[in-house]
Structure formats: C-alpha cells, structure tokens
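Each chain, written out:
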Amino acid sequence: MGISVKHISKSYKKVNALKGISFEVKPGELFGLIGPDGAGKTTLFRILTTLLFADQGTASVSGYDVVKDYKSIRNSVGYMPGRFSLYQDLTVAENLEFFATIFGTTVKENYDLIKDIYIQIEPFKNRRAGKLSGGMKQKLALSCALIHKPKVLFLDEPTTGVDPVSRKEFWDMLKRLQQTGITILVSTPYMDEAALCDRIALIQDGKILQIDTPQGIVKHYPKKIFNVQADNMYELINLLKDYAHQYSVYPFGEFVHYSDKRADFNTADLQSYLTEKGLKDIAIETTKATIEDTFMELAK
Amino acid sequence: MVSNNIIQVENLTKAFGDFTAVNAISFEVKKGEIFGFLGANGAGKTTAMKMLIGISRPTSGKATVAGFDVYKNPDAIKKNIGYMSQKFALYDDLTVKENITFYGGIYGLSRKQIKEKTNQLLEELGLQKIVGELVGSLPLGWKQKLSFSVALLHEPKIVFLDEPTGGVDPITRRQFWEMIYKTAHNGTTIFVTTHYMDEAEYCDRVSIMVDGKIEALDTPKKLKEQFKAKTMNDVFLKLARG
C-alpha cells in the first residue's frame, strides 16, 4: 500500500515530460528519484499528489487511485514542493497552525512527529516565513507537510541549493522520520544522496533508466573503471579524450574516471601514452563505479 | 597593479545593523587561477561576492578587483569582470542570438565585434541550429553553458560564477567544468561558488567561509591533509560543524 505507478505518460505542448514510467514503492520505504532538472520528477510528483492529470496510465498512493480517490489522497499525504510554497506573510507559528487547521487537526495532537525539526525554528516562531533563511524555510515546509501525520510524504528536491552540512542534517531527519513508518518518495539531483535511500530510480528525459538498491545499481556499470591522476588536470582530460581506445572520460574530484574499449586493457599502455605526451606524476589504479558513473553511462 | 594578484582583499567587512555578515576577511586570487569560494548557506559568501563585483559598498577594509578599488571605482570593476549566477542568467523571452546581441551591446562591443563573437560562440557551443529559439525553451544545461559564454563576451580578466551548476545533470556539469578549465587555461581567472564538493576538488585553491570568516584557504590537497579528511566533503563537514 505504498505507491504504485503504472505506465504513466504526460505531455505538455512541446515536451513529453513523462514517457510511460512504472515503479512501486513499498510501505515504509525511503525511495529516491534521482535525476537532473527537466527529467520529469516534478511532473510525476504533481500527478501523484493529484494536482495534475496524467495523459495515460494509472497510479495509486496508499491504496487510493490518484483520479477517483483524490480527496482521500489529499488527506493522507504530505507534499513539500520544490519551490517554497508557504505563506510568506504569515509567521512560522501561523503557517503551522494554518496547515493543521486545514487538515482538521491541531499542532498539539501531532507535535511529537515534528518536534525534532520544529524545535530548531521555534526561536523564530514569530518571524514571517518570507524573512527566514533557506535552511529554516526548508524546516518549516517539512513541519507543515507533516503536521497532519501523513502516511506518505512527497519531497520534491528538498535539498537543491542547500549546503553540504544542512543537506546532511536534512537526511538525518528523513531517516528518523522513516522509523515512524512513513513512506517517503524524495527527489534529488545530488547523486551522493542516492546512497542514503533504500531503493532508487534513475530518471532522465521522462524515462526510468534503472531501479535498484544503491549497492545494486552500480553493478549495471558494464566496464572496469580506473582513477587516473597527473600533474596537469586540464591536459590529462584532453589527452584521455583524444586516446583512441577510450570508452569514457569523466573528471571526478581529484581524479579522472577512465574506462577503456578493449577487454584486454593494460594500464601500462595508457601510462606510456600519457608519459609520451609529457605528463608527469601519472597514477592509474582500479576503482569502483559510483552511482554517478552508472547514471552517466545509462544516460548516454 | 603591482602584484600578480587579480583580487586583493584585506580585512573586508560588511555589517547590516548589528549583524556582521562578512567579518574582516583577507585573501588574494592570482591571475589565471580557479578559485573556489565555499561556505554554508548564510555564511556570507553572497555578501562578500557582491562587494567584490562592485554592487555593495563595504563597511570597512580594503579590496581591489582587476586593479580597481571597490570604493573608488566600482563601475570600472563591473566593466572588467564577467558574472553569472544560477538564478539570473539570460532573458527567457529573447532568442539565443538576441541575448548575445543584447549583452554584447551592454558591454559596449561594436556591431562587428558582436557579429564575430556570436558566430564564434555558437560554433563552440554547437548551437547554430537553435540560434532563433527562445532561451526559455532550452534545457537548463544549455542555458548555463550559453550564460557562461555570454559572461565572457567582453573578454573580462576575471569571471565570477555563483553556483553555476546547481541542478544540472552530471554529464553537462562536467562539460561545464571543461569550459571552465579551458577558460582558465586561456588566462581568465575564475572565481566560483558551488555546493558540489567534487567540484571543489577541481579548483586550484579553495576558501571556506564559516559565520562571516574565512576559516580555511589552501589547495584541496593540502586542506585534506590539514583536516585529515579523505574528501573535500569531509573537510567541509568538519569545518562548518565546528
């Protein structure tokens, strides 16, 4: 009774935002939709929260059909859109009270669920929402999305533009929320956050590229992958791209991730090619494919 | 300019009432360097950057950018730098070509220069086919690449990039960084903010701001050694969490 999506398609005037996607989210699961801007994530969220009709396909959320039972869905899900959507002219406390009242409950009744998060913004409870910092807005929005104790929580890019520290705190909060039994569907463009989900779907151009656990998804990378380093990063990237046998070349922090077309690839060949071209301090060693490597390979 | 530094900052401070957003920061950026300017949300990065690009007057301290003083010559700074941010990039309701022409005009290029630059740019970015399309209809990654190129139209000595790759897909993000490398290789200084810590590793040097102060500044390699961390992400978490 988590989320079920079957062959959902949606087009706007010029764009096919979703092209027949299907997946299931189990009850109590923390499921991540991982993909860049324009992949179709927001369209999917809007369909599942009954704000938009799909052109084709069916979907249900905690057992309710998104078209027939839209009222039941609205009562039982929490939705935090990508764009800050609370009332800027109401204070922190007023926003929270407003959302509780709309859903026929009180802040007091479900305070336990949000306590952890709300306590951090409580010192500012008389400040207008529009005057909060990005991190505080995010916490208030999450509190408002939870105040009616939803069965399913939808979070559309909650951490986009947020610094690494606040992102980590946010994910710690999500993990604690999950313990209360809530099903969570969360989208993000940050591949490192994918590793924190139970399962993930990689999505691009309205299609799902792959669904698996974070540990499982990297097994779909078809090649051996190598960390390459040298004294000049810019030259290194250019030289690797010009190398006749290269299969893929992507900068990854201090390394370049390299894979080779040949099955019998020998690192010594590459080493001598780079040395010949004048690079120094060359190091080549095997490494493991990351979720980001896998995404880029599948998105090719 | 006497030194090889394109940015020179000494005790730069900006206070709003009794809140000190930027608290006596000092650093310099060398010509042709890729300089990463990191910090948590609210650490004071944007405020500092606004002073450096000449749109916010400091409360105290000294700063020169591209040889010009931020107090005396803010307008000269604006002419000699490029700026691009994730939020304000280009005009959605103008076509690709109109945007380039518009910005070329703003930067005071001649018609002939604009024409040459437009052709060169479109070819480099592979955008010839969609030159007549509205910018609003382009995918985010293309917009960002175009926007970066437009920030370089007037061949500035330094370009400021404020979170240029937020929300962009991983492949385009890397193509974007290859553009940055190429630009730096050609001698333009890059001053960049990002929340992607793998991108911090691509910088020659990185500074990390915490509560209005620069708490660390070095090459990514030395910062990792200094903080006994495996990645820049760990360095950032250690510093910003205190």
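Notes on the structure in this doc start here. (Residues numbered from 1 in each chain as written. Chains lettered and ligands numbered in written order. Predicted model: local features only at pLDDT ≥ 70, side-chain atom pairs only at ≥ 80, totals over all residues. Heavy atoms only, no water.)

## A few points about the packing of helix α3 (residues 92–102) of chain A against helix α5 (residues 134–146) of chain A
The description of two helices packed together rests on the angle between their axes and the distance between the axes. Residues and elements named next belong to chain A. For the pair α3 and α5, the least separation of the axes is 8 Å and the interaxial angle reads 20°. On the basis of the axis angle, α3 is roughly parallel to α5. Between α3 and α5 lies a crossing whose hand is right-handed. Where α3 abuts α5, its residues V92, N95, L96 and F99 lie against L140, S143 and C144. Here the residues of the contact of α3 with α5 are counted per class, giving five nonpolar, two polar and no charged. (Axes fitted to C-alpha atoms, helices over the stretch in contact; angles between N-to-C directions. Helix = DSSP H or I, 4+ residues; strand = E, 2+ residues; numbered from the N terminus. Parallel < 35°, antiparallel > 145°, perpendicular 65-115°, else oblique. Left-handed = near helix turned anticlockwise from the far one by under 90°. Contact = heavy atoms within 4.5 Å. Nonpolar A, V, L, I, M, F, W, Y, C, P; charged D, E, K, R; others polar.)

## Regarding the interface of chain A and chain B
Chain A puts 29 residues into the contact, and the matching count from chain B is 28 residues. Between chain A and chain B, a total of about 2,500 Å² is buried, with carbon and sulfur atoms accounting for 61% of that surface. For the chain A face of the interface with chain B, the top three residues by lost area are P164, V165 and Y234 of chain A, together amounting to 23%. At the junction of chain A with chain B, the criterion picks out four salt bridges. For the pair chain A and chain B, the number of links is eight residue pairs in polar contact (both at pLDDT 80 or more). When residues of the side of chain A that touches chain B are traced back to their parent elements, those giving at least two are α6 (164–178), α9 (233–242), β12 (246–252) and α11 (291–299) of chain A. Top element by residues in the side of chain A that touches chain B is α6 of chain A. It accounts for seven residues. Classifying every residue of the side of chain A that touches chain B by side-chain character gives 15 nonpolar, four polar and ten charged. (Buried area = accessible area lost by both parts, 1.4 Å probe. Salt bridge = Lys/Arg side-chain N within 4 Å of Asp/Glu carboxyl O. Polar contact = N/O pair within 3.5 Å; in protein donor to acceptor, adjacent residues only side chain to side chain.)

## A short note on the sheet that holds strand β7 (residues 158–162) of chain B
Residues and elements named next belong to chain B. Reading across from one edge, β6-β7-β8-β3-β9-β10 is the order of the six strands in this open sheet, with mixed pairing throughout. Both edges of this open sheet fall to β6 (81–85) and β10 (213–218), since each of them pairs with a single strand only. On average, each strand axis in the sheet is inclined to that of its neighbour by 15°, with strand direction left out of account. As paired elements, strand β3 (residues 34–39) and strand β8 (residues 189–193) share three bridges and run parallel to each other. The residue of β8 that forms the bridge with G36 is V192. Contacting β3, β6, β7, β8 and β9 (205–210), helix α1 (residues 45–52) crosses the sheet at an angle of about 155° to β7. Sheet strands touched by helix α5 (residues 140–151): β6, β7 and β8. Its angle to β6, the strand with the most contacts, is close to 160°. (Pairing = 2+ DSSP bridges.)

## Examining the sheet that holds β12 of chain A
Residue and element names in this part refer to chain A. Across the sheet, four strands lie side by side as β12-β13-β11-β14; this open sheet has antiparallel pairing. Whereas interior strands pair on both sides, the edge strands pair on one side only; in this sheet they are β12 and β14 (283–287). For this sheet, the mean inter-axis angle between neighbouring strands, taken without regard to orientation, is 30°. One ladder, built from five bridges, connects strand β11 (residues 225–229) with β14; its direction is antiparallel. Paired with I225 across the bridge in β14 is T287. Set on the sheet, α11 makes contact with β11, β12 and β13 (255–260); between it and β12 the angle comes to about 135°.

## Focus on the pattern of salt bridges
Counted according to the given criterion, the structure contains 24 salt bridges over all chains. One salt bridge connects K139 of chain A with E169 of chain A, and the closest N-O pair in it is separated by 3.9 Å. On the criterion of sequence distance, the pair formed by K139 of chain A in helix α5 and E169 of chain A in helix α6 is long-range, its members being 30 residues apart. For K139 of chain A, a relative accessible area of 12% corresponds to the buried category. Residue E169 of chain A is classed as partly exposed on the basis of its relative accessible area, which comes to 30%. A salt bridge links E193 of chain A to R167 of chain A; the shortest N-O distance between them is 3.1 Å. Here E193 of chain A, found in helix α7 (residues 191–194), pairs with R167 of chain A, found in helix α6; they are 26 residues apart in sequence, far enough to count as distant. With a relative accessible area of 5%, R167 of chain A lands in the buried category. Bridged by salt links that share partners, the residues E292 of chain A together with R173, R174, D198 and E199 of chain B form one connected network. (Buried < 20%, exposed > 50% of the residue type's maximum accessible area, 1.4 Å probe, protein only.)

## Here's the deal with unusual backbone geometry
Despite not being glycine, T50 of chain A has its phi angle at roughly 65°, a positive value. Considering the arrangement of structural elements, one finds T50 of chain A in the loop between α1 (41–48) and β4 (56–61). According to the relative accessible area criterion, T50 of chain A is buried, its value standing at 9%. Even without a glycine there, the phi angle at E155 of chain B is positive, about 50°. Mapped onto the fold, E155 of chain B is located in the loop between α5 and β7. Residue class for E155 of chain B comes out exposed when judged on its relative accessible area of 58%.

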